[in-house]
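# Observations on chain architecture
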Amino acid sequence: MVKRMHPNTILDTSMTEQTAAVLNYHQRTKHHLNVYAKGPESLDWEDQPNPFRRFTGCETVKLPQPGTELACLFGDLDQADHIQAQPLSLPHLGLLLELSFGLSAWKQFGPDRWALRCNPSSGNLHPTEAYVVCADPSLLMPGVYHYVSHDHHLERRCQFKTAGSGEGIYIGLSSIHWREAWKYGERALRYCQHDIGHALAALSYAASCLGWTVELLSEVADQDIAAWLGLDRESDFVTLEQEMPDLLCRLHPGNPPKAAFDAKALSQLFAGAEWFGQAERLSGRHFYRWPIIDAVANQLEKPQTTAERWQAPFLPLPTASHNLPASQLIRQRRSAQHFNGKAASLPLVDFQRIIAALLPNDKPPFTTWNWPSQVIMMLFVHRVDGLEPGLYVLPRGAASLTELKSICSADFEWLPVEAPFEFYRLTAGNLRQAAKTLSCHQPIASDSAFSLGMLARFAEHVEAEAWRYRRLFWECGLLGQILYLEAEAAGVRGTGIGCFFDDAVHGVLGLTDNTWQSLYHFTIGEPLEDGRLQTLAAYGHLQP
Ligand SMILES: Cc1cc2nc3c(=O)[nH]c(=O)nc-3n(C[C@H](O)[C@H](O)[C@H](O)COP(=O)(O)O)c2cc1C
């Protein structure tokens, strides 16, 4: 058993090379009040990576015109198994991809124009790429397809010789670390993993709107994902712009079939398959380099593991106050850039719905998640009706009260709060300044109705299997996506916060080692719109 590490102690020599490398990466990519993790000293705009990857030399498959609204309401997703399954067709596959990873709008300020997508991304850099592996000839010529969100089309990267049993649609996700590292340097790998969690949840929600489910094939080895998505074809990618495999999901349009996933059968489809295309260059040059990212990514490689599936019990939720069509709500999701620090308090019913939606439940996106919760929430409540401002904790079933009391500051009061979930007040008081300071001095953490830190059970997982480090960030990203959509459904807005002072957060909570670590922050409140920005239609550029 490896001794728990105090932030400043030297790593135990008995731990595996992988664990040591990952703990070292985590430690050195912490932001501190007096120094930020290593990143570029200035942003080299010449280097700015293209947020849209395209492969030249591939045939493209146009997807039907995006923008269709579905009848199902956001609240219907609370009992997604009651939603009538739409037939598997190209329009519905297109809608699935659009509502998960497609464009949601363009923003313009003077000569600058940038796209927003249904899935959020740290710095809007979008390191996540999405692929469809199709073995069903009634849908698409069997093969591997890369989704280009800008053009809303698929690029055929690979054509199978045979369709095998003719069953199986898979969605694969990968990350281009360089996209994120260009701006954020060494800490970027963390953000890529948050983004994967957001993207997975976005996919789960989008599938539910169609009455479909998404099964995360978490047993699969990264090496296999790389082979199936063509990511290991080194010569197809520009050096320093390669994609790292993250996860593979199986799509179930309608009821999930009983048959277990058969990796061998999927591999067989690739026998004699023909590959096409070369990834276009994303950056003219790569001035700053962050070799630790590749080094730790190698240590984080996931081997084949046994299949794990886990189902949370069903938990009824109160209806959201802005119960819009789910597809509309997904497309209107945005990050608030500023909050109204003088806004009225958030109604308690809205707060309770948002918080209850974070509890493991037999609904999307938890139906796509294979493990019990490992993340608790520390909430900085600023303005919520009927709740005294202060610091609160939501254990989410991830830790017992006894355990939490034993690891946190002895000064906390642990006052049970009357709510439809287990919830405690740790201390009362105005914590706006503290929340702002801890989140890299960002006013979005203090001007909102509440902000929060996500604490993950940490050392135990990284020591058991180093790659679980990624999974902890995925869970945080998945919870962040719930918060984004629930905020919209409450008529307010959210913003993910990747920039925070790690050990300062731990210090405030009284944590003295890395048994638990803060991995992500989030904030929700009444947004202040920037009237100087123009909003343009997501796919106006595709109109004939
Ligand atoms: C993992 C992650 C971390 C983020 N961190 C911050 C942050 O520290 N500060 C901030 O203002 N926005 C942050 N954001 C919000 C992004 O900047 C935003 O998602 C991106 O600009 C795209 O805009 P959209 O969410 O409106 O689509 C973060 C988003 C994600 C997903």
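Looking only at helices and strands, the protein features 14 helices and 20 strands. In terms of overall dimensions, the protein is globule-like: its C-alpha atoms have a radius of gyration of 22 Å, near the 24 Å expected for 544 residues. By its C-alpha atoms, the protein is 65 × 55 × 55 Å across when sized along the principal axes. For the protein, the proportion of its 544 residues judged to be buried stands at 50%. Long-range pairs, those at least 24 residues apart, make up 81% of the contacts in the protein between residues at least 6 apart in sequence.

Below, the discussion takes up the site of the ligand. Near the ligand lie 20 residues; those nearest to it are Pro120, His194, Ser335, Gly496 and Gly498. Those elements that place two or more of their residues in the shell around the ligand are strand S4 (112-117), helix H4 (188-209) and strand S18 (493-497). Looking at which element gives the most residues to the shell around the ligand, the answer is H4, with four residues. Residue composition of the shell around the ligand, by class: six nonpolar, 11 polar and three charged.

Moving on to the packing of helix H3 (residues 177-184) against H4. The geometry of H3 relative to H4 is characterised by a closest axis approach of 8 Å and an angle of 130° between their N-to-C directions. Between H3 and H4, the crossing angle belongs to the class labelled oblique. Regarding H3 and H4, the two cross each other, and that crossing is right-handed. Contacts between H3 and H4 involve His177, Glu180, Ala181 and Tyr184 from the former and Ala188, Leu189, Tyr191 and Cys192 from the latter. Here the residues of the contact of H3 with H4 are counted per class, giving six nonpolar, one polar and one charged.

Ordered in space as S4-S3-S20, the three strands form an open sheet in which the pairing is antiparallel. Across the chains shown, the open sheet's two edge strands, defined by having one partner strand only, are S4 and strand S20 (534-536). Within this sheet the neighbouring strands show an average axis-to-axis angle of 30°, counted without direction. The sheet contact formed by strand S3 (residues 103-109) and S20 spans three bridges and is antiparallel. Bridging across to S20, Gln108 finds its partner in Gln534.

With that out of the way, let us pick up the environment of Glu465. Following the sequence through the fold, Glu465 ends up in the loop between helix H12 (459-464) and helix H13 (468-489). Along the sequence, Glu465 and Pro303 sit 162 residues apart, while their C-alpha atoms lie 9.8 Å from each other.

Further remarks concern the sheet that holds strand S16 (residues 424-428). Reading across the sheet, the seven strands line up as S15-S16-S14-S13-S17-S19-S18 and stay open at both edges, with antiparallel pairing between neighbours. Each end of this open sheet is capped by a strand with a single partner; those strands are strand S15 (415-416) and S18. The sheet contact formed by strand S13 (residues 375-381) and strand S17 (residues 450-457) spans seven bridges and is antiparallel. Directly across from Val381, in S17, lies its bridge partner Phe450.

Before going further, it helps to spend a moment on the domain arrangement of the protein. For the protein, the domain assignment lists domain 1 (17-30 + 337-525) and domain 2 (45-299). Of note, the centres of domain 1 and domain 2, computed from C-alpha atoms alone, are 28 Å apart. Counting from both sides, the interface comprises 30 residues of domain 1 and, opposite them, 31 residues of domain 2. Secondary structure elements with two or more residues in the side of domain 1 that touches domain 2: helix H1 (17-28) and H13. Looking at the side of domain 1 that touches domain 2 element by element, the count peaks at 13 residues for H13. When grouped by side-chain class, the residues that make up the side of domain 1 that touches domain 2 number 16 nonpolar, 10 polar and four charged.

Further remarks concern the packing of H1 against helix H7 (residues 291-299). Put simply, H1 and H7 touch, their axes get as near as 9 Å, and they point 140° apart. On the basis of the axis angle, H1 is oblique to H7. Of the two possible hands of crossing, H1 and H7 adopt the one that is left-handed. On the side of H1, the interface is formed by Gln18, Ala21, Val22 and Tyr25, while H7 contributes Ile292, Ala295, Val296 and Gln299. Considering only residue class, the contact of H1 with H7 consists of six nonpolar, two polar and no charged.

Take helix H14 (residues 502-509) next. The set of residues buried in H14 consists of Asp502, Val505, His506, Val508 and Leu509. One side of H14 holds all its buried residues, which, seen down the axis, span an arc of 160°. Tucked inside the fold, the buried residues of H14 contact S13, helix H11 (432-438), S17 and strand S19 (516-525).

Burial of S18 is extensive: five of the five residues sit out of reach of the surface. Alternating residues of S18 divide into Arg493, Thr495 and Ile497 and Gly494 and Gly496, and every residue in both groups is buried. Where S18 lies against S19, five bridges are found, and the strand directions are antiparallel. What sits directly across from Gly496, in S19, is Phe522.

Here the focus is the pairing of S13. Among the seven residues that make up S13, seven are buried, leaving the element largely enclosed by the rest of the structure. Going residue by residue along S13, you find Val375, Met377, Leu379 and Val381 tucked away on one face and Ile376, Met378 and Phe380 tucked away on the opposite face as well. Two elements, S13 and strand S14 (residues 390-394), share five bridges in a ladder whose sense is antiparallel. Its bridge partner being in S14, Val381 is matched across the sheet by Gly390.

With that settled, the discussion passes to the nonpolar core. In this structure, Cys249 and Met454 are the most contacted members of the largest nonpolar core, which totals 152 residues. With 14 residues, H4 is the largest single contributor of residues to this core. The two domains that each donate at least three residues to this core are domain 1 (17-30 + 337-525) and domain 2 (45-299). In this view, Met454 contacts Val375, Met377, Cys476, Leu479, Ser518, Leu519 and Tyr520; residues no more than four positions away in its chain are not counted.

Here is what the cut-offs are and how they apply
- What you see as residue numbers is a count from 1 along each chain, following the sequence as written.
- Where local features are concerned, this predicted model is filtered to residues with pLDDT of at least 70; where side-chain atom pairs are given and counted, the filter is 80 or more; whole-chain, interface and lining totals use all residues.
- Secondary structure is summarised from DSSP: a helix means a run of H or I of at least four residues, a strand means a run of E of at least two, and numbering begins at the N terminus for each.
- Note on method: radius of gyration uses C-alpha positions; expected globular size equals 2.2 Å times residues raised to 0.38.
- Working definition of burial: number of other C-beta atoms within 10 Å of the residue's own, with buried at 20 or more, exposed at 12 or fewer, and partly exposed in between, all C-beta atoms being placed from the backbone.
- Any two residues are considered in contact once their C-beta atoms, placed from the backbone, lie within 7 Å.
- Each residue receives a C-beta atom placed from its backbone. It is near a molecule or strand if this atom lies within 6 Å of it.
- Amino acids are sorted into nonpolar (Ala, Val, Leu, Ile, Met, Phe, Trp, Tyr, Cys and Pro), charged (Asp, Glu, Lys and Arg) and polar (every other residue, Gly among them).
- Interaxial angle, 0 to 180 degrees, is taken between N-to-C directions of lines fitted to C-alpha atoms, where a helix line uses only the stretch in contact.
- When an angle is under 35 degrees it counts as roughly parallel; over 145 it counts as roughly antiparallel; between 65 and 115 it counts as roughly perpendicular; any other value is oblique.
- The hand of a helix crossing depends on one turn: near helix anticlockwise from the far one by less than a right angle means left-handed, and clockwise means right-handed.
- Should DSSP find at least two bridges between two strands, the strands are regarded as paired.
- Delimitation of the domains relies on an automatic or database domain assignment.
- What the arc describes is the spread of directions from the helix axis to the C-beta atoms.
- What makes a nonpolar core is a set of buried Ala, Val, Leu, Ile, Met, Phe, Trp, Tyr and Cys residues, with links drawn between C-beta atoms within 7 Å.

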